[in-house]
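Report on the structure
Okay, here's what each chain looks like letter by letter:
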Amino acid sequence: MMIKDIINYIKDDKFKIIFTNNSLDIINYDKLLEVKDSVVTIEKENNVILIKGENLRIDKLQDDELLIIGYIKNINLSR
Amino acid sequence: MFKSYYVLRLNNKKDLSKLFFKDISFFKIKYKKEYVLLYVNKDNFNKIEKYFKIYNIDVYKIGGLLKYKLLLKKYNIFMITVLLSLVMIYMFSKITFDIKIMSNNKEIVNIIMKELNDFGIKKYHFVKSFKEKEMIKKKILNDYKDKIEWLEIDLVGSLYKVNVLERVKDKNVKNDIKQNVVSSKNAIIREIRATSGEVVKKVYDYVNKGEVIISGKIKKGENIKGVVNADGKVFGETWYNVRVELPLSYDDKKITNNCYNSLTLSIFDKRLLILKKIKFDYYDISDTNIITNNIIPLSLNKSRICEVKNNKSFYTYDTALNEAMRLSKEYLLKNLDKNSEILLQKKLKLYEENNIIVVEVFMKVYEDITSYEEIKEGDSDADNNFRD
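As a convention, each chain's residues are numbered from 1 in the sequence order in which they are written. Each chain is given a letter, starting from A, and each ligand a number, starting from 1, according to the order in which they appear as written. Local features in this predicted model are restricted to residues whose pLDDT is 70 or higher, and side-chain atom pairs enter the listing and the counts only when it is 80 or higher, whereas totals over whole chains, interfaces and linings include all residues. Side-chain metrics in this entry use all non-hydrogen atoms of the structure; hydrogen atoms and water are not considered.

Here we come to the overall build of chain A. A run of H or I in DSSP becomes a helix once it reaches four residues, and a run of E becomes a strand once it reaches two; helices and strands are each numbered from the N terminus. Each helix and strand in chain A was counted, giving one helix and six strands. In chain A, the succession of α and β elements from N to C terminus is α-β-β-β-β-β-β. Considered along the principal axes of its C-alpha atoms, chain A spans approximately 45 × 25 × 20 Å. Exposure categories follow from relative accessible area, calculated using a 1.4 Å probe and restricted to protein chains: below 20% of the type maximum is buried, above 50% is exposed, and the middle band is partly exposed. Here chain A, with 79 residues, has 34% of them falling under the buried criterion. Considering only contacts in chain A between residues 6 or more positions apart, those separated by 24 or more positions represent 36%. Areas reported as accessible are Shrake-Rupley estimates using a 1.4 Å probe. Residue values count occlusion only from the protein chains shown. Accessible area for chain A stands at about 5400 Å²; split by element, carbon and sulfur atoms hold 49% of it. The average position of the 12 basic charges and that of the 14 acidic charges among the side chains of chain A differ by 4 Å. Contacts are residue-level and defined by heavy atoms, with any inter-residue pair within 4.5 Å sufficient. Think of it this way: Lys and Arg go in the positive column, Asp and Glu in the negative one, and His and the chain ends go nowhere. Where a charge sits is defined by one atom per residue type, namely NZ (Lys), CZ (Arg), CG (Asp) or CD (Glu).

Residues of chain A with pLDDT of at least 70 account for 99%, and the chain-wide mean is 89. Across chain A, element-level confidence peaks in strand β4 (residues 39–44) of chain A with a mean pLDDT of 94 and bottoms out in helix α1 (residues 2–11) of chain A with 76. pLDDT: the predictor's confidence for each residue, scored from 0 to 100.

A separate point is the layout of surface pockets. As a volume, the largest pocket reaches approximately 280 Å³. Both cavities and pockets are sets of points on a 1 Å grid over the protein atoms alone; in a cavity a 1.4 Å probe fits but cannot get out, in a pocket the set is open with protein on both sides within 12 Å along at least five of seven lines, and lining residues sit with an atom within 4 Å of a point. If you go around the largest pocket, you meet 14 residues; those closest to its centre are D37, L56 and R57 of chain A together with L16 and Y31 of chain B. Of all the secondary-structure elements, those providing two or more residues to the lining of the largest pocket are β5 (47–61) of chain A together with α1 (16–19) of chain B. Counting residues per element, the lining of the largest pocket draws most heavily on β5 of chain A, at four residues. Grouping the constituent residues of the lining of the largest pocket by class yields seven nonpolar, two polar and five charged. Grid points are joined across faces, edges and corners, and a volume is the space filled by probe spheres set on the points. Only Asp, Glu, Lys and Arg are considered charged in this grouping, and only Ala, Val, Leu, Ile, Met, Phe, Trp, Tyr, Cys and Pro are considered nonpolar; every other residue, Gly among them, is considered polar.

Strand pairing is assigned whenever DSSP identifies at least 2 bridges connecting the two strands. One open sheet accounts for five strands, arranged β11-β9-β15-β21-β20 (chain B); its pairing is antiparallel. The sheet is open, and its two edges are formed by β11 (206–207) and β20 (341–353) of chain B, each paired on a single side.

Residue and element names in this part refer to chain B. Judged from the four bridges that link them, strand β13 (residues 217–220) and strand β14 (residues 223–227) form a sheet pairing that is antiparallel. Residue pairing in the sheet places K217 in a bridge with V227 of β14. The antiparallel pairing of β13 with β14 creates a hairpin that spans two residues between the two strands, and G221 there sits at a positive phi of about 70°.

Residues and elements named next belong to chain B. Read across the open sheet, the four strands follow the order β2-β3-β1-β4; overall the sheet is antiparallel. Looking at the sheet topology across the chains shown, the edges are occupied by β2 (28–31) and β4 (57–63). With direction set aside, neighbouring strand axes in the sheet form an average angle of 20°. Inspection of the sheet shows β2 paired to strand β3 (residues 36–40) by four bridges, in the antiparallel sense. In the sheet register, K28 faces β3, and the bridge partner there is Y39. Angles run from 0 to 180 degrees between N-to-C directions of axes, and those axes are lines fitted to C-alpha atoms, restricted for helices to the stretch in contact. Along the sheet face, helix α3 (residues 65–74) touches β1 (5–10) and β4 and points at about 95° away from the line of β4.

Right, let's get into the packing of aromatic side chains. Only centres within 6.5 Å qualify two rings of Phe, Tyr or Trp (six-membered ring in Trp) as a pair; their planes then separate them into stacked at under 30 degrees, edge-to-face at over 60, and tilted for everything else. A complete count under the given rule lists 14 aromatic pairs over all chains for this structure. Between F92 of chain B and F97 of chain B, the ring centres sit 6.2 Å apart and the planes meet at 45°, which makes this aromatic pair tilted. An aromatic cluster is built from Y5, F27 and Y39 of chain B, whose rings are joined through pairwise contacts. When the NZ atom of lysine or the CZ atom of arginine is within 6 Å of a ring's centre and also within 35 degrees of its normal, the charge is said to sit over that ring. Over the aromatic face of Y31 of chain B sits the side chain of R57 of chain A, whose NZ or CZ is 4.5 Å from the ring centroid. K28 of chain B extends its terminal NZ or CZ atom over the ring of Y39 of chain B, reaching a point 5.7 Å from the ring centre.

With that out of the way, let us pick up a positive patch on the surface. All names here are of chain B. Think of a patch as exposed residues, more than 30% relative accessible area, with no salt bridge, where like charges cluster within 9 Å and nonpolar side chains (Val, Leu, Ile, Met, Phe, Trp, Tyr) cluster within 5 Å. Salt bridge criterion: a side-chain nitrogen from Lys or Arg within 4 Å of a carboxyl oxygen from Asp or Glu. There is a patch of like positive charges on the surface, built from K28, K30, K32, K61 and K67. Tracing the backbone shows K61 in strand β4. In this structure K61 comes out as partly exposed when scored by relative accessible area, which is 44%.

Next up on the list: the pattern of salt bridges. One pass over the structure, following the stated rule, counts 25 salt bridges over all chains. Among the salt bridges present, the one from K60 of chain A reaches E65 of chain A, with a minimum N-O distance of 3.4 Å. Of the residues examined, E65 of chain A reaches a relative accessible area of 17% and is grouped as buried. Where E245 of chain B meets R243 of chain B, a salt bridge forms, and the shortest distance between an N and an O atom there is 2.7 Å.

Counting from both sides, the interface comprises eleven residues of chain B and, opposite them, eleven residues of chain A. Buried area, as used here, totals the accessible surface that two parts lose on assembly, with accessibility defined by a 1.4 Å probe and the loss added over both. Each partner contributes to the roughly 990 Å² buried at the junction of chain B and chain A, and carbon and sulfur atoms together form 55% of this total. Looking only at chain B, the three residues that lose the most surface to chain A are F20, F21 and Y31 of chain B, adding up to 48% of its buried area. The interface formed by chain B and chain A contains zero salt bridges. Whenever a nitrogen or oxygen atom comes within 3.5 Å of another N or O atom, the pair is scored as a polar contact, on the condition that within protein one atom can donate a hydrogen and the other can accept it, and that pairs from neighbouring residues in sequence are kept only if both atoms are in side chains. Across the contact surface, chain B and chain A share four residue pairs in polar contact (both at pLDDT 80 or more). Residue contributions to the side of chain B that touches chain A peak at three residues, all from β2 of chain B. When the residues that make up the side of chain B that touches chain A are grouped by side-chain class, the tally is seven nonpolar, two polar and two charged.

In structure tokens form, the structure reads like this:
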């Protein structure tokens, strides 16, 4: 059990969305679907996550992490 | 710090969203007015390279270890030359090019030269470490105790300078010369410390230069009973007149706090500023060596350049007198024995002559007036002794 916990801790493949004032850090996403000034769409395990706002920009784009900056108004999850 | 990365400039901002779907990772994206800067690692650079022409992308900057690798590749000949030069300089600084023995005695010079040669201190050979040098010095001193009193082997640049003091037997003992202690100056005696001989003067007696104070002739009544080597110390009060001339006006240079640092390259007595120019009309430079070499007169220095303000100052009679007092005291103490003491300092005259203030200062000094005079056989008193 303990080893499993440690492996999970090191591997850390949990899907996370961390929201601060003007940025949204999305960790372990699957796919980036759309990028516009007002909307960024991503996919995670067949779920679509819609981030709406103003002046949205991608600050970091990596295989497992996406950092969006701008004025974020709404985060929407569609199953 | 050492992780390699590329900063790419995407000149058409509209193409950015297209690049997001090319399976390329950007670990940072910076948005500028006219363009976008994309930070990618080496793997992603290889992926994006094929889109350079399509999306008008160029390399803006290279960072990390890769930057140094490319620099090394670009300037490899220069770097190798510099490196080789440094190695050569280092090698040359560790080689002996000359050995100088500071003695007029040919025998001593030959002895030391032979010993140094045996210990491996020779021309065009590597210099010895401090420990080895000290060991060699001790061995030579030990082997030639009767000939060498003191020896010092100094490495000055690429030259070994050997200072040597020959052992000389005490001439007085060897020749059995007898002497009197006499006064070296006209003085009033203040203290007599006799270790041998007969004291013939009293404290507060006035003596002329050369007058006997401790006599080597031991008298009993009028007859001389024996001649010894008189010895001791005599201190007396002496007098000096010092004339100090000061100009009416002088340049008073003051180093201000208006300073800055720069790198300078010194070649012989020339100094070249590398980073900044000298901003001041009058300045003072103090250097701290960063790289220096004893063979090549070239050094790289961190220099502190400070503005110097030149003010024209004038002496009044009062300030001139103070300055003259200070200078005369300083001058006298510098020229006298360290046990000397100034007892009195007095102004004699103060006047102006051709834009110069002249101050004459009288000084009363307590100093060592010990001197020696040989007692010769022809001396009438000495003859008397021999008759006895």
